[in-house]
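This is what each chain is made of:
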Amino acid sequence: MTATKTAETPVALAGEPAVGLEQARAHGLSEDEYRAVERWLGRTPTFTELGVFSVMWSEHCSYKSSRRHLRMLPNKGPRVVGGAGENAGALEVGDGWVAVFKIESHNHPSFVEPYQGAATGVGGILRDIFTMGARPVASMDSLKFGAFDHPRTRHLLGGVVGGIGGYGNCVGVPTVAGEVMFDAAFNGNILVNAFCLGLARRDELQSARAQGPGNPVMYVGSATGRDGIHGASLLASAEFDASSEAKRPTVQVGDPFTEKLLIEACLEAMRSGAIVAIQDMGAAGLTSSSSEMAARGGLGIELDLDRIPLREAGLTPYEILLSESQERMLLVAQRGREAELAAIFARWDLHAVVVGKITEDQRWRVRWRGALVADIPAGALADQAPVYDRPAREPSKAPPRISSRPATAPAPPPAEALRRLLDSPNVGSKRWVYRQYDSMVQSNTMAGPGGDAAVLRIKGTHRGLALKVDSNPRACALDPYVGAAACVVEAARNVACAGARPIGLTNCLNYGNPERPEIMWQFIRGVEGIRDAALALETPVVSGNVSFYNETEGRAIPPTPTIAMLGVLEDAGRRVTQFFKRPGDAIILLRTAAPALAASEYAALFGCGAGALAALDLKRERALIEGLVAAADLGLIGSAHDVAEGGLAVALAECCFNPDGVLGAEIDGMPGGSGAEVFFGEGASAVVLSAAAGELEKLRGLFGGIEFSVIGRVAGEPRLRVAKVIDEDVRELMQIHEQAIVRRLAANG
Amino acid sequence: MLVKVFVTPRKGILDPQGRAVEQSLKSLGFGGVGAVRVGRYITLELDAPSVEQARAAARRMCEQLLANPNIEDYSFEVEPPEAGPR
Amino acid sequence: MLVKVFVTPRKGILDPQGRAVEQSLKSLGFGGVGAVRVGRYITLELDAPSVEQARAAARRMCEQLLANPNIEDYSFEVEPPEAGPR
Amino acid sequence: MKWGVVRFPGSLDDADALWALGQVMGQEARALWHKDEDLAGVQCVVLPGGFSYGDYLRCGAIARFSPIMKSVVRFANDGGLVIGICNGFQILCEAHLLPGALTRNRSLSFICERVNVRVENAATPFTCAARQGEVLRLPIKHGEGLYVAPAGELRAMEERGQVLLRYTDAAGRERDDANPNGSTRAIAGVANETFNVFGLMPHPEHAVEAALGGEDGRKIFRSIIMSVERTSAAKPGATSGGTSAGRSSSSSV
Ligand SMILES: Nc1ncnc2c1ncn2[C@@H]1O[C@H](COP(=O)(O)OP(=O)(O)O)[C@@H](O)[C@H]1O
Ligand SMILES: [Mg+2]
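Summarised in this report is the structure supplied together with it. Please read these numbers as outputs of a predicted model, since none were measured by experiment.

**Focus on the overall build of chain D**
Scanning chain D from terminus to terminus reveals 5 helices and 11 strands. On C-alpha atoms alone, chain D measures out to a radius of gyration of 16 Å, which is about the 18 Å that the 2.2 N^0.38 rule sets for 253 residues. Considered along the principal axes of its C-alpha atoms, chain D spans approximately 50 × 40 × 40 Å. Residue pairs at least 24 apart in sequence account for 75% of intrachain contacts in chain D once pairs closer than 6 positions are excluded. Distance from the positive charge centre (27 side chains) to the negative charge centre (27 side chains) of chain D: 2 Å.

Spelled out as structure tokens, the structure:
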């Protein structure tokens, strides 16, 4: 019996195309890769096997161009739990709780079909989190669209935001923060990065490592259809061009209702202790989840495709294995406890079926209608994909500055510039977006969207978690290293402005075609920037995702690493918001360097001369963050707001927009003169604080080595006055800010 | 003229609504029910000089707005004014 | 048999979708469009011994589940198997 | 008092309602599973927010056929107190325990924000802890909250005082821009003719803690507690939702 089994080789199925180099190329494999496949098998692969290899060895699934560079990222620290090789990292946040979080891209699917693309992006990242045994407690999204007046932008914006809300709202996970940017550099390739945070008790963390030969493998969730065959993986592993339309797979449609049932049922099933390992079926669906779980455990797996629930008749093994149907999970159960698990899933109206078993021999074997259709070493699929050290070269000429024009017309006076900036969709209120997201469900949201970082409480403790996602493609276009490091610092600073200590991050690296040396150079410099900033701030990188080939018709997006930072507040009651609170409070400007107009929103609107990004001094950045955390902890500050798009003048205005009652500010003068870079420069780490005058000396002591200037005071009268240059009605400014996106959408419907 | 547009989820595309309705019909005791698909039914009045022109306009409406070409199919009927309402 | 169900918002009941579609069609340059209503189009296969019995079942499905009698009207068609697809 | 919060597949704010009632307000609150028919002797049934059955087809249309809804209908017909929040409101309309229906917001998009609602009738078991005309600040989060009912029915409801909450501005004035979803007559919450069943789109369970942005939601729950206590005081021995709870609307506040 065993002897005949080993002698058995997979069969070609009737009607399948012949396999050879040409077919391999059509599947996106190179000649070398195809030869490696032959070596792994010691024979020609069947068509099914070829398909399986092509997806597992795609850039999207294998990280073949990025893997060696990602090793640079620091992933250790006293709070880091478990780890490498699992679906997402975890950090201890105190009182026995661990936070599991990750961010992932869904750029290409969202460009093709914005609503469903974004929705399924949310669904996918949720599964990455609850598969770890953590209950998803918050989502964030980072979105980049083309210029607001580009003909496709409105449609993409509506679809993407609708999809994120449609899915997130229906599964009961609050969307608590995010970012949205519009720039012509994304006209042909939008970015949709979705983040999810989950919480678990430390001993509840679940493994994705198969164990116990003979243990049954069970399939739960939606039936398998032809969705996205070669979809996410191949679309995200090649440049986008006109022919992509023809290659378009069946669009994946999300079913958030089933996802909600899956969350509840899986978490309940995990508590039973009958689950050995579990993994979501994401990219490359059944193939990746089964081969990865087996490979992690150093074991094999045998699947019987006749038992896979199918949505329609007539699917081939190739299609079943490569389907990217959503809302499916694969788990390894303890032998003998299948019925118990099936009963738990049945309670949630979900069908759990045994579809295979774990074997000793490290092979990934698939049967269909009695025949063996694939027999591959599990490791060859899961972790032996080729790894490339692609050539990287700094471009000889300076990168074009995106959306930044030389200063032609004379710049408007500061008050006028402030109004124009507040009216820019990049600076203006994003309420139109986040009002479509349920940010309250689960009753933990102490600070939802609309401020710097979101703050959640952890029920049953005094603790709070702060989270924020940041990116800055304009800065990264000018300097991919400094830009990336600055994103880490900015995310950390936002979290610290809420009073929380930043403890770790996840990243989504969105770049162009890695086969081009200048893109590879941008990528490596970006990873180095993240590494250095993460080391300086002691915020380990616990998870991440790489999205290459963000190009259309040969034009790459600017390098866009997206950073999501998590922070902890020992006492959530000490959280700080960005809004001025009391008339008479002193207004303080903290700054680590002189701001610059390079890569600023001001430059995008009015142009500016040449110039470099503001200097970044990681030591001082660390000191600024430490000072903010200490100041919040001592209860010394009334408000803290990070200076970001639009610079100091915009930040001051935003501090006045207190939803509980607008206030004003009386600024005596701007330190550093009255040039546009002082009012509207960006890049330098700067924070606007307000505090009672009596606390100033104590406060100053917390920020040694950092520029600490008292620049004015909070006013009861809602006017923003800056020296003799700006004197504006705050309610009017607020109205402009509030309407920036809404009025554009209302215009010519 | 009265234009009636029928938009349906494309075959092979997941239709969670259809599945939910199917299950619900079954649990209500309706036997022999299958292949439930839930789509949209849009009716409108169109001022057009001829049925042909109305049909051409309806087709463009479907392609530009009423159906999502990624995941939906459509069909339509045009009824000249003398025909009674459905 | 193939059952096709048409559910429409009752006249006099607000139909924000219909209004939005009408506005969008106008802003896309479609002239002479009015009275846009957006409803649901549900298709299903029904195993029934006769068209009459299928019609009776379809009516009950509409009344119990497919339409909300407070605010919607419905109609349906039953096509015996030999009839081609629409 | 004893509360039961029904859990349908796709319910989302069930845990929030249990938290608000149990942990925050110190009530005896338990979950009721949709497949059960036993209401476990609760004195008020809460149908929570969420997307029961995905809200596929129509919001609340499928949930109303759950086994537990048979018991809820019986309980309500016997005068028991039932409150439906958001999706719960939609289910109550679909189940014909409340008149009218809820359709897509006029903006066609989901809206999550805090709004103001004016108490239109404070003489009911759901509003008696508030003042007539008092403005409450409560969150809404829904895509289909536009209340509709046939004109004749609406008139009769208004006359009988069945409209309990209306969207207004902070000063209690009706204004079109203070009506977030375009509801007919800015209706945010309605009761049945016997005032023992109440549905509202705003979420009182998300407004019970100052740390999360407000406490006005307590007034709704406190009203229910007051009226149940009053009823059981009047009728010692009454355990489950007292049949006279619905009449307590006549008592002064
Ligand atoms: N930029 C990155 N930084 C750190 N870890 C990363 C990064 N990109 C990917 N990873 C890690 O690589 C692993 C595989 O990535 P993942 O996106 O989970 O693949 P899949 O799409 O198959 O789920 C995960 O552990 C992920 O956290
Ligand atoms: Mg994964």
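**Concerning the packing of helix α20 (residues 480-497) of chain A against helix α21 (residues 517-537) of chain A**
Helix packing for two helices is described by the angle between their axes and how far apart those axes are. All names here are of chain A. It is at 7 Å that the axes of α20 and α21 come closest, and there the two elements cross at 35°. Crossing of α20 over α21 shows right-handed handedness. In this structure, α20 uses P480, Y481, A484, A485, V488, V489 and A492 to contact α21, whose residues at the interface are W521, Q522, R525, G526, E528, G529, I530, D532, A533, A534 and L537. Across the contact of α20 with α21, the residue classes break down as 12 nonpolar, 3 polar and 3 charged.

**Description of the pairing of strand β3 (residues 44-47) of chain D**
Residues and elements named next belong to chain D. With burial as the criterion, each face of β3 is covered, one bearing C44 and V46 and the other bearing V45 and L47. Bridge count for strand β1 (residues 2-7) against β3 is 3 bridges, and the pairing is parallel. From the neighbouring strand, W3 faces β3, where its bridge partner is C44. Pairing analysis gives 4 bridges linking β3 to strand β4 (residues 81-85), with the strands arranged parallel. If you follow V46 over to β4, its bridge partner there is I83. At this point the chain moves from β3, through helix α2 (residues 67-77), to the parallel β4, and the crossover so formed is right-handed.

**Re the sheet that holds strand β9 (residues 300-304) of chain A**
Residues and elements named next belong to chain A. If you trace the 7 strands from one edge of the open sheet to the other, you get β8-β10-β7-β11-β9-β12-β13, paired in mixed fashion. A strand with exactly one partner marks an edge of an open sheet, and here the two such strands are β8 (275-280) and β13 (371-377). With direction set aside, neighbouring strand axes in the sheet form an average angle of 25°. Examined bridge by bridge, strand β7 (residues 216-221) and strand β11 (residues 352-359) share 5 bridges and lie antiparallel to one another. Within the sheet, the bridge partner assigned to Y219 lies in β11 and is V353.

**Side note on the sheet that holds strand β6 (residues 191-201) of chain A**
Residues and elements named next belong to chain A. The mixed open sheet is built from 6 strands, whose spatial order is β1-β2-β3-β6-β4-β5. Every other strand in the sheet has two partners, leaving β1 (80-81) and β5 (175-182) as the edge strands with one partner each. Pairing analysis gives 2 bridges linking β1 to strand β2 (residues 89-94), with the strands arranged antiparallel. Looking across to β2, one finds that V81 is bridged to A90.

**Remarks on the relation of the copies chain C and chain B**
Superposing chain C onto chain B takes a rotation of 180° plus a shift of 0.0 Å along the axis, which leaves an RMSD of 0.2 Å. On this basis, the relationship between the two copies can be described by a two-fold rotation axis. Considering only C-alpha atoms, the residue of chain C closest to the rotation axis is R40 of chain C, which sits at 2.1 Å. Taken together, the interface assignments show that 100% of the residues at the interface of chain C recur at the interface of chain B, consistent with an identical surface on both copies.

**Looking at helix α1 (residues 16-27) of chain B**
Taking 1.5 Å per residue as the helical rise, α1 of chain B with its 12 residues ought to reach 16 Å, and the 17 Å between its terminal C-alpha atoms agrees with that figure. G29 of chain B sits one or two residues past α1 of chain B and shows a positive phi near 100°.

**Some details on the packing of helix α3 (residues 31-41) of chain A against helix α4 (residues 47-56) of chain A**
Residues and elements named next belong to chain A. Taken N-terminus to C-terminus, the directions of α3 and α4 make an angle of 120°; their axes are 11 Å apart at the nearest point. Put simply, α3 runs oblique to α4. Read as a crossing pair, α3 and α4 show a hand that is right-handed. Residue-level inspection shows Y34, V37, W40 and L41 of α3 in contact with α4, the latter providing E49, L50 and F53. Considering only residue class, the contact of α3 with α4 consists of 6 nonpolar, no polar and 1 charged.

**What to know about the pairing of strand β22 (residues 586-591) of chain A**
Residues and elements named next belong to chain A. Judged by how many residues are buried, β22 sits mostly within the fold: 6 of 6 residues are covered. Residues A586, I588 and L590 point to one face of β22 and I587, L589 and R591 to the other, with burial holding for every one of them. Bridging between β22 and strand β26 (residues 707-715) involves 6 bridges; their strand directions are antiparallel. Each bridged residue has a counterpart across the sheet, and for L589 the counterpart in β26 is S709. Two elements, β22 and strand β25 (residues 686-691), share 6 bridges in a ladder whose sense is antiparallel. Across the sheet, residue L590 finds its bridge partner in β25, namely V687.

**Quick notes on the pattern of salt bridges**
A full pass over the atoms with the stated rule returns 88 salt bridges over all chains. Measuring nitrogen to oxygen at the nearest pair gives 2.9 Å for the salt bridge that ties E340 of chain A to R337 of chain A. For E340 of chain A, a relative accessible area of 34% translates into the label partly exposed. A salt bridge links E174 of chain D to R166 of chain D; its shortest N-O distance comes to 3.8 Å. By relative accessible area, which is 8% here, R166 of chain D ends up buried. If you follow the salt bridges from partner to partner, you end up with E8, E302, D361, R363, R365, R367 and D375 of chain A in one network.

**Examining the interface of chain C and chain B**
The partner chain B presents 34 residues to the 34 residues of chain C that form the contact. Roughly 2700 Å² of surface becomes buried between chain C and chain B when both sides are summed, with 67% attributable to carbon and sulfur atoms. For the interface between chain C and chain B, the tally reads 0 salt bridges. For the interface between chain C and chain B, the tally reads 8 residue pairs in polar contact (both at pLDDT 80 or more). Taken together, the elements giving at least two residues each to the side of chain C that touches chain B come down to β1 (2-9), α1 (16-27), β2 (33-46), α2 (51-66) and β3 (72-79) of chain C.

**Observations concerning helix α23 (residues 618-633) of chain A**
Residues and elements named next belong to chain A. The end-to-end C-alpha distance of α23, which contains 16 residues, comes to 23 Å, matching closely the 22 Å that a straight helix rising 1.5 Å per residue would cover. All of the buried residues in α23 are L618, E621, L624, I625, G627, L628, V629, A631 and A632. Sitting at the amino-terminal end of α23 is D617, which places a side-chain oxygen 3.0 Å from the backbone nitrogen of K619. Positioned one or two residues after α23, G635 has a phi angle of 70°, which is positive.

**Things to note about the side chain of R493 of chain A**
Residue and element names in this part refer to chain A. Structurally, R493 can be placed in helix α20. Engagement of the side chain of R493 in a polar contact is seen with the side chain of D642, the distance being 2.6 Å. Once you skip the residues sitting within four places of it in the chain, R493 turns out to touch E621, L624, I625, L628, D642, V643, S685, A686 and V687.

About the thresholds
- Residues numbered from 1 in each chain as written.
- Chains lettered and ligands numbered in written order.
- Predicted model: local features only at pLDDT ≥ 70, side-chain atom pairs only at ≥ 80, totals over all residues.
- Heavy atoms only, no water.
- Helix = DSSP H or I, 4+ residues; strand = E, 2+ residues; numbered from the N terminus.
- Rg over C-alpha atoms; globule rule 2.2 N^0.38 Å.
- Contact = heavy atoms within 4.5 Å.
- Lys, Arg positive; Asp, Glu negative; His and termini not counted.
- Charge placed at Lys NZ, Arg CZ, Asp CG, Glu CD.
- Axes fitted to C-alpha atoms, helices over the stretch in contact; angles between N-to-C directions.
- Left-handed = near helix turned anticlockwise from the far one by under 90°.
- Nonpolar A, V, L, I, M, F, W, Y, C, P; charged D, E, K, R; others polar.
- Buried < 20%, exposed > 50% of the residue type's maximum accessible area, 1.4 Å probe, protein only.
- Pairing = 2+ DSSP bridges.
- Right-handed = clockwise from strand over helix to strand, strands pointing away.
- Least-squares fit on C-alpha atoms with pLDDT ≥ 70 in both.
- Expected span 1.5 Å × (residues − 1).
- Parallel < 35°, antiparallel > 145°, perpendicular 65-115°, else oblique.
- Salt bridge = Lys/Arg side-chain N within 4 Å of Asp/Glu carboxyl O.
- Buried area = accessible area lost by both parts, 1.4 Å probe.
- Polar contact = N/O pair within 3.5 Å; in protein donor to acceptor, adjacent residues only side chain to side chain.

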